[in-house]
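# Report on the structure
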Amino acid sequence: MSTTLYISGRLSSDKTEVICPLQSSVVLFIAKYCQTEIKVVFVSVELSSISSNDVCSYNISDLSHFCFEFSSWQDLPSLVRNVNLPSIHQPDQRLIRSGLCVVLRHIIKDSHTQNPSLNLIDLLGFKQGCMKMCAEVSSWTKLCEVDIPCSVTYLITDMREMETNEQNNTGRKHLTLPVELTTLENHFNQKCLIHNDNKRYRAEIARLKELFTQSFNGTTDENHSHSTQEEVIERLNSAEISKEHLLFLDRIAFDSSHVLIEQTVQLKHGVRKFKVNKHFKDGDKSSQNGVVEKTDSASETVFDLSDLKAAVMELTFMDVEYEHLYSEGIEMTVADLILITYIYHLLNAMNFAVVQALSSHVKSILKWTQHMLSLSEVQDTAHSLGWNIGKLRNAFHCLSQTVENENENNSPITFQVVDKKEDEEEVELSRNAKMKHRAIKPDVLQALKKFESVGIQAVTGPHPKGENIQVDWDSLPDGVHPKQGNVPVKRTKRKCEQLENLATAVQTVAKPGDIIVDFCSGGGHLGILCAYLLPQCKVFLVENKEESLLKSSSRLRSLGLDNVTLYQCNMDYFIGQFGVGLCLHACGSATDMVLELCTKSQASFVICPCCYGGIHNTHLLEYPRSQLYIQSDISYTDFLTIGHAADQTEFDIKLEKQGRTCMNLVDTDRAEYAKERGYDVTLCSLKPLTCSPKNNLLVGTLRNNRCL
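Residues numbered from 1 in each chain as written. Predicted model: local features only at pLDDT ≥ 70, side-chain atom pairs only at ≥ 80, totals over all residues. Heavy atoms only, no water.

## Some details on the state of the cysteines
- One pass over the structure, following the stated rule, counts zero disulfides.
- Between Cys-520, a cysteine without a disulfide, and Cys-583, which holds the nearest cysteine sulfur, the sulfur-to-sulfur distance is 6.2 Å.
- Left unpaired, Cys-691 is separated from the closest cysteine sulfur, that of Cys-608, by 7.5 Å.
- Among the residues examined, Cys-691 registers a relative accessible area of 0% and is labelled buried. (Disulfide = S-S within 2.5 Å. Buried < 20%, exposed > 50% of the residue type's maximum accessible area, 1.4 Å probe, protein only.)

Now the structure itself:
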């Protein structure tokens, strides 16, 4: 059974074009760049669900390199309809992937496997981590999946409204520049951060010294001791080491006080540029002239090769400066391919008329755009999809002429930049999770006094199964036991105890025929146990990490369970209806996303939270959640403070009791949130408590089957 890629799109009424959202355009661009042979299905969706300013069109002929067809949403396999598009269905693995970044990462990995010579895996960056984390914790993923798409749609909408008002003589002449574009611009203006920077710098210097040694050994005699800059660069670029590493010297400047060498390294995808820039102290080069003769033309400057080589030999790794060419630093990643697609369609939708006006505010973004579209692989992909590269080049050419002539900006459009509010934090683009809120002891005590003063106390109850929570592991197949999921031996007993608490609670709320969804399923320990104990139910494992799902897949094959389906996606992409939602130690805000999905689906829930200190507001959630806390004037800072203290629940530590109190207060907010939506909720503890420091359990059922 073949793998299928599903993206939003429909055939035009005259059957000559495919009309699709910008997000689908991103998928098409990267699929074409990767030369993937995956089958593509365009799924027609309700036009009302997509803004008219969030669409683009492709001639059918420009998509001829894809094997594609059209379908309606209703005609998709039922399992595929449980997630938002774009998605990929792999029936042979009972696996469905959903979400822009998840889908693109799979396309890149699969294409690399099919054609390793293209080195497509390089697009995933350092340790293949690009776009790996979800948008709630990675600002890069959020930028590419949420912020830039919203900003582009907003700007196009604003532009078209302005044009309409202008026709009615009621228009304005300025557009508001979204803060996300300003954030990206500021990022490009910063020195790029790279992994293993000192190691890289040393390697660049070593190669440069080897290059000069190889090229100029034996050139100190009188007949070969001087060369022009052009001759030096030509000689260096023809050396064996240059060919081996695809190095190109672009520029050399040298005199008795300074040496500057600019170099380009050709990569499989894009280039890497750096320079070595060293100023010598007074007198260091007093015995060397460096430049023998200088003319009006820089290329005709004649260097003393002995002096130049000696200067190069004195360079150190501290003299290396990388150029910030790409979004994540010095090498192109999938993030650049996502962003260039959105930026191109933004400029194209505005008929490229905004390039000059934008140059005053996002100069670095435009410079990056020019560079990206100068790369042959990107160019070829763009041309094959019918992008109007020529018109964009003309817009940049006109911009460069304006700059050279130092003319004032005569664009009919201007941009208004919204000033950042004083209380807003500066956004730092990073793959890493946001730092947890830190609270000192007086803050925690003050927050606890506030809870006491407004009369909020945690109310706990018994486990739904009372003391009868044991599972007879010896009677189960080996594949069900967590030890088959690579759980370390020293943790196996505690993991079994955790699973017993949740699985037996699920048995009290699940009915035959229910769909049970194990969110943040990891290696599938809980979901697989529930699937075996409740064979009349269907179980979905929802997990963002591919490695974890593949472990689950392997265990399911060995067990022969056919009532389990795997979903690789972030939770906000899962839209299916279900009867029971559960999660074991979903980190921070992920617990609240599970609770939100359960209440929307009117599903029962069995939730064991974790990482309370990782809770923070996201683009999907705000804290506190319950009206009880909000109306009691519990602030966001109060909530973060007790969340920080709630992580201090390790056994036999001084703050354990306080930590448990704070943990209960956070989970009381969650319980109250569900109660306000018609649920009966029990907040209880795992048994024994020693199975985990994070041992709270929330069990909820819809009150009297009430419809919300």
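Back to the text.
## Some words on the confidence of the model for the chain
- Confidence in the prediction for the chain averages 86 pLDDT; 88% of positions are at 70 or higher.
- For the chain, the element scoring lowest by mean pLDDT is strand β14 (residues 291-293), at 49; strand β18 (residues 515-519) scores highest, at 97.
- Counting interchain partners and residues more than four positions distant, the pLDDT-below-50 stretch residues 292-296 has ten contacts.
- Note that residues 422-426 has pLDDT below 50 and, in this model, three contacts with residues that lie over four places away or in other chains. (pLDDT = per-residue confidence, 0-100. Helix = DSSP H or I, 4+ residues; strand = E, 2+ residues; numbered from the N terminus. Contact = heavy atoms within 4.5 Å.)

## Thoughts on the packing of aromatic side chains
- Inspection of the entire model under this criterion finds 19 aromatic pairs.
- A ring pair is formed by Phe-540 and Tyr-567, whose centres lie 5.2 Å apart and whose planes are at 65°; its orientation type is edge-to-face. Placement of the pair is Phe-540 in strand β19 (residues 538-543) and Tyr-567 in strand β20 (residues 564-568), with a sequence separation of 27 residues. With respect to burial, Phe-540 and Tyr-567 carry one shared label: buried.
- Judged by centre distance (5.6 Å) and plane angle (85°), the ring pair of Tyr-567 and Phe-574 falls under edge-to-face. (Phe/Tyr/Trp six-rings, centres within 6.5 Å; stacked < 30°, edge-to-face > 60°.)

## Description of helix α14 (residues 441-453)
- The end-to-end C-alpha distance of α14, which contains 13 residues, comes to 18 Å, matching closely the 18 Å that a straight helix rising 1.5 Å per residue would cover.
- Lining the buried residues of α14 we find α19 (627-631), α20 (636-646) and α21 (656-675).
- One or two steps after α14, the chain reaches Gly-455, where phi turns positive at roughly 80°. (Expected span 1.5 Å × (residues − 1).)

## Quick look at empty space enclosed by the protein
- In total, this model carries three cavities of 30 Å³ or more according to the counting rule given.
- By volume, the largest cavity is sized at about 200 Å³.
- Only β8 (95-98), α2 (100-114), α3 (139-167) and α17 (546-559) provide two or more residues apiece to the lining of the largest cavity.
- At five residues, α2 tops the list of elements feeding residues into the lining of the largest cavity. (1 Å grid on protein atoms, 1.4 Å probe; cavity = no way out; pocket = protein on both sides within 12 Å on 5 of 7 lines; lining within 4 Å. Points joined across faces, edges and corners; volume = space filled by probe spheres on them.)

## Let's talk about unusual backbone geometry
- Omega for the bond connecting Leu-85 with Pro-86 falls within 30 degrees of zero, at 0°, which places this linkage in the cis form.
- In this fold, Pro-86 is placed in the loop between β6 (67-72) and β7 (87-90).
- Going from Lys-687 to Pro-688, the amide bond is cis rather than trans, its omega being -10°.
- With respect to the secondary-structure elements, Pro-688 resides in the loop between β23 (679-685) and β24 (696-702).
- Not every positive phi belongs to a glycine, and Lys-127 is a case in point at roughly 55°.
- Mapped onto the elements, Lys-127 comes out in the loop between α2 and α3.
- Backbone geometry at Cys-520 places phi at a positive 50°, although glycine is not the residue there.
- We classify Cys-520 as partly exposed; its relative accessible area is 28%.

## Regarding the pattern of salt bridges
- In total, this model carries 23 salt bridges according to the counting rule given.
- Across the pair Glu-321 and Lys-275 runs a salt bridge, and its minimum N-O distance is 3.9 Å. Taken together, the positions of Glu-321 in strand β16 (residues 320-322) and Lys-275 in strand β13 (residues 271-279) put the pair 46 residues apart, joining distant regions of the chain.
- In this structure, Glu-672 engages Lys-675 in a salt bridge whose closest nitrogen and oxygen atoms are separated by 3.8 Å. (Salt bridge = Lys/Arg side-chain N within 4 Å of Asp/Glu carboxyl O.)

## Side note on the nonpolar core
- Membership of the largest hydrophobic core comes to 142 residues, with the highest contact counts inside it found for Ile-30, Phe-519 and Phe-574.
- Considering each element in turn, this core owes the most residues, eleven residues, to helix α9 (residues 334-349).
- Discounting chain neighbours no more than four positions away, the residues touching Ile-30 are Leu-104, Ile-108, Val-334, Leu-337 and Ile-338.
- Residues Trp-473, Leu-502, Val-539 and Val-580 belong to the second largest nonpolar core, which totals 38 residues. (Core = buried A, V, L, I, M, F, W, Y, C linked by side-chain atoms within 4.5 Å.)

## Here's the deal with the sheet that holds strand β11 (residues 247-255)
- The antiparallel open sheet is built from four strands, whose spatial order is β11-β12-β13-β16. The sheet terminates laterally at β11 and β16, the two strands that pair on one side only. Within the sheet, the average angular offset between the axes of one strand and its neighbour, ignoring direction, is 15°.
- Two strands pair when backbone bridges link them, and β13 and β16 are joined in this way by three bridges, in the antiparallel orientation. When the sheet's bridge partners are listed, Val-276 is paired in β16 with Val-320.
- Relative to the sheet, helix α8 (residues 305-313) contacts β11 and β12 (258-266), its axis offset from that of β11 by approximately 105°. (Pairing = 2+ DSSP bridges. Axes fitted to C-alpha atoms, helices over the stretch in contact; angles between N-to-C directions.)

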